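# A look at the structure
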Amino acid sequence: AQQRIGEHGLVALDWLNGNRSVLVNAELSGVFVGVTLATRAPDLYRALLESTAFGTRMILETFEGAGVPVGELVIAGGLMKNKLLMQIYADVTGRELSLVTSTQGGALGSAIFAAVAAGAHADIYAAAQVMGKRQVGAFKPIPENQRLYDRLYAEYVRLHDYFGRGASDAMKRLKALRAEAVAARTGTLPRPDGIDPGQLKVVA
């Protein structure tokens, strides 16, 4: 949190479980660019946080490029606990973030639907008006941070398109090589979640 933007010298693609939003490709995997002997674990962590924000911006721009406007970003759940992450999201997306006031956003959403199903409210909109509350503009983008993140985002987009849109299939080739190696050693195919089946233990 004490680092200046860009101080770690990294850009990451956080596709540890593929890219399932814009690219819809589960065969993609993660990348760090810029790692040196001076790179530390906190640098990698912050680069991953930033990557999730870059991915969110990519989703927003894809929606809007397709003619679907995005009026507000409302954050719920565990994300709200990380103030550094929330400020990064505001700075990267250039948007104010609103926060759900409930710490149990998923449960509240279920309760809203249940109230409508039970006839307590006419529709979802009416129920949400009464039952749901949010803190509007809890995090606001900082112009200087936006400018710096625009430069990092431009690098992210280049990597995103290079690895994600077919210029390089290195990720798929590495996964295929891994599958061959795991199968040769264990006699089983690797799991989709990346866990080595040879390392699994059954606990009675």
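Residues numbered from 1 in each chain as written. Predicted model: local features only at pLDDT ≥ 70, side-chain atom pairs only at ≥ 80, totals over all residues. Heavy atoms only, no water.

## So, the environment of Met86
With respect to the helices, strands and loops of the structure, Met86 is situated in helix H2 (residues 83–93). As for Met86 and Leu49, which are separated by 37 residues in sequence, their C-alpha atoms are 9.8 Å apart. Those residues in contact with Met86 that sit more than four places away from it in its chain are Ile75, Leu79, Met80, Leu97, Leu99 and Phe139. (Helix = DSSP H or I, 4+ residues; strand = E, 2+ residues; numbered from the N terminus. Contact = heavy atoms within 4.5 Å.)

## A look at the sheet that holds strand E5 (residues 134–139)
Overall, mixed pairing links the three strands, which are arranged E3-E4-E5 in an open sheet. Edge positions in the sheet fall to strand E3 (73–75) and E5, since each has one partner strand and no second. Taken pair by pair, the neighbouring strands of this sheet meet at an average axis angle of 40°, ignoring direction. Where strand E4 (residues 97–100) meets E5, three bridges bridge the pair, whose relative direction is antiparallel. Bridge pairing links Leu99 to Gln135 in E5. (Pairing = 2+ DSSP bridges. Axes fitted to C-alpha atoms, helices over the stretch in contact; angles between N-to-C directions.)

## Structural notes on the side chain of Ser98
Considering the arrangement of structural elements, one finds Ser98 in strand E4. Within the structure, the side chain of Ser98 is placed 3.4 Å from the backbone nitrogen of Gly137, a separation counted as a polar contact. Excluding anything up to four places from it in sequence, Ser98 contacts Glu72, Leu73, Val74, Ile75, Arg134, Gln135, Val136, Gly137 and Ala138. (Polar contact = N/O pair within 3.5 Å; in protein donor to acceptor, adjacent residues only side chain to side chain.)

## Topic: the confidence of the model for the protein
Looking at the protein as a whole, its pLDDT mean stands at 92, while 93% of the residues score no less than 70. Confidence, expressed as mean pLDDT per element, reaches its minimum in the protein at helix H6 (residues 170–186) with 88 and its maximum at strand E1 (residues 11–13) with 98. (pLDDT = per-residue confidence, 0-100.)

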